[in-house]
Amino acid sequence: MLATIALLLLAWQEPPVSGHEVGVVDDDHDQTLAEARAALERAMSAQEAGDPATARREAEYVVELLAPLPLGEGQDETAGLLWLVGDTAYSMRDFAVAREALGRVMEHHEQEFPENEPRRFDARSRLARVFRQTGDLAGARAHQEIVVAARERTLPEDHPKLLFSRADLAFTMQAMGDYADARALLEVVVATRERTLPEDHRLLLQARGSLAEVMRGMGDLAGARALLETVVEARERTLPQDHPDLAYSRDHLASTMRAMGDLAGALTVQQAVLADRERTLVEDHPNLLEARANLADTKRQMGDLAGACALQETVLAALERTQAADHPDLIQARHELAVTLSAMGDLAGALTLQQAVLADRERTL
């Protein structure tokens, strides 16, 4: 693992901007960096081993160790360690640590790198995602607009970093309900991808899928469906039947069909998604449970209450085994089953579930 960290640091580091020698530190500084590397190794190992508590504790220790160290010319390893611990914390959803670490790296990047350095705004871009994940959409958007403006000034139109930045900003705009601006940005991204990539390229299909989601949010269901059908057809040609990207696209296509009232079409697609999920995932996997819940919703709308009930009971039993009593997914599963039982005339069963939902929500809301 230490060798892996060393390689990651080597790949991360930039040549010194003004010729200052890299890595010249005093003995105490060098010892602190060595201890930080070891703690980061422990954090990454714990994460791989499924021990999030230890991983978080070690990540917090890395940030604490590095807090007194300066960030300036010749201190690339300090910034590199902060970047790696921020990235690790982000993947663990420890956003407080990620925000502190990436915030320091952002300041270092923008002080030390020249304006036209492509990686100058990488930390700000990742920090914006931390803001978005913690619900600060306005803060995320402000950071992302700075990144996009800077990359528009310094990069060619088809540069991957510019395209990713525009797509990321569009995602935040969509989360804020600003569908018009999100659509305008994604249309530029899709048009650029179409000029520069083959028709079945993963990044082009990803961009079309993102645009379709925004179009659906705006109520352009026909346009969203046409795009999603293109994405699904391309992924069916190029991916294995059980590939998660194909299942994801089919699921979004089915949701759009259902919103258009094409329940039979949605049912066919969702049955294919569920069959793929059941072949490839363990019984309690969240994606498998989601596929069952989506199919149950369509069956209920079509009047197949018994079929919907059977699927919802399976989902609820799995969530009761794997989630805390007040987990939002478990509460929602109880509510959905209660609705189906009520429609079937099982009012006593529906009442029992609804009382449990009410008690959970009174505790948590």
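Looking at empty space enclosed by the protein
Now for step 1: Within the structure shown, the criterion is met by 2 cavities of 30 Å³ or more.
Now for step 2: Here the second largest cavity defines a volume of roughly 30 Å³.

Focus on the packing of helix H11 (residues 221-238) against helix H12 (residues 244-259)
Now for step 1: Interaxial distance between H11 and H12 falls to 9 Å at its minimum, and their mutual angle equals 155 degrees. When the axes of H11 and H12 are compared, the pair comes out roughly antiparallel. Seen along the crossing, H11 lies across H12 with a hand that is left-handed. Along its contact with H11, which presents Leu-221, Ala-224, Arg-225, Leu-228, Glu-229, Val-231, Val-232, Arg-235 and Glu-236, the element H12 presents Asp-245, Leu-246, Ser-249, Arg-250, His-252, Leu-253, Thr-256, Met-257 and Ala-259.
Now for step 2: Here the residues of the contact of H11 with H12 sort into 9 nonpolar, 3 polar and 6 charged.

Digging into the confidence of the model for the protein
The predicted structure's coordinates, where accompanied by low pLDDT, should not be read in detail.
Now for step 1: Scored by pLDDT, the protein comes out at a mean of 88, with 91% of its residues at no less than 70.
Now for step 2: Mean pLDDT values over the elements of the protein span from 45, in helix H1 (residues 2-12), up to 97, in helix H9 (residues 179-196).
Now for step 3: Below a pLDDT of 50 lies the segment residues 5-26, which in the model reaches 43 contacts outside its immediate sequence neighbourhood of four places, other chains included.

Concerning the pattern of salt bridges
Now for step 1: For the structure shown, the criterion picks out 33 salt bridges.
Now for step 2: Salt-bridge contacts for Arg-141 lead to Asp-178; the nearest nitrogen and oxygen are separated by 3.2 Å. With a gap of 37 residues between them, Arg-141 in helix H7 (residues 137-154) and Asp-178 in the loop between helix H8 (160-175) and H9 connect regions that are remote in the sequence.
Now for step 3: The buried category is assigned to Arg-141, whose relative accessible area is 16%.
Now for step 4: Residues Glu-278 and Arg-292 are paired through a salt bridge, measuring 3.3 Å at the closest nitrogen-oxygen approach. Of this pair, Glu-278 sits in helix H13 (residues 263-280) while Arg-292 sits in helix H14 (residues 286-301), and the two are 14 residues apart along the sequence.
Now for step 5: Classification of Arg-292 by relative accessible area gives buried; the value is 7%.

Some thoughts on the environment of Arg-363
Now for step 1: Structurally, the position occupied by Arg-363 is in helix H17 (residues 347-364).
Now for step 2: Through-space distance from the C-alpha of Arg-363 to that of Asp-326 is 8.0 Å; in sequence the pair is 37 residues apart.
Now for step 3: Not counting residues within four places of it along the chain, the set of residues in contact with Arg-363 comprises Ala-325 and Asp-326.

Examining the side chain of Asp-122
Now for step 1: Note that Asp-122 resides in helix H6 (residues 122-133).
Now for step 2: Those residues in contact with Asp-122, other than ones at most four positions away along the chain, are Trp-83, His-109, Arg-151 and Lys-161.

Calculation criteria
- Residues numbered from 1 in each chain as written.
- Predicted model: local features only at pLDDT ≥ 70, side-chain atom pairs only at ≥ 80, totals over all residues.
- Heavy atoms only, no water.
- 1 Å grid on protein atoms, 1.4 Å probe; cavity = no way out; pocket = protein on both sides within 12 Å on 5 of 7 lines; lining within 4 Å.
- Points joined across faces, edges and corners; volume = space filled by probe spheres on them.
- Axes fitted to C-alpha atoms, helices over the stretch in contact; angles between N-to-C directions.
- Helix = DSSP H or I, 4+ residues; strand = E, 2+ residues; numbered from the N terminus.
- Parallel < 35°, antiparallel > 145°, perpendicular 65-115°, else oblique.
- Left-handed = near helix turned anticlockwise from the far one by under 90°.
- Contact = heavy atoms within 4.5 Å.
- Nonpolar A, V, L, I, M, F, W, Y, C, P; charged D, E, K, R; others polar.
- pLDDT = per-residue confidence, 0-100.
- Salt bridge = Lys/Arg side-chain N within 4 Å of Asp/Glu carboxyl O.
- Buried < 20%, exposed > 50% of the residue type's maximum accessible area, 1.4 Å probe, protein only.

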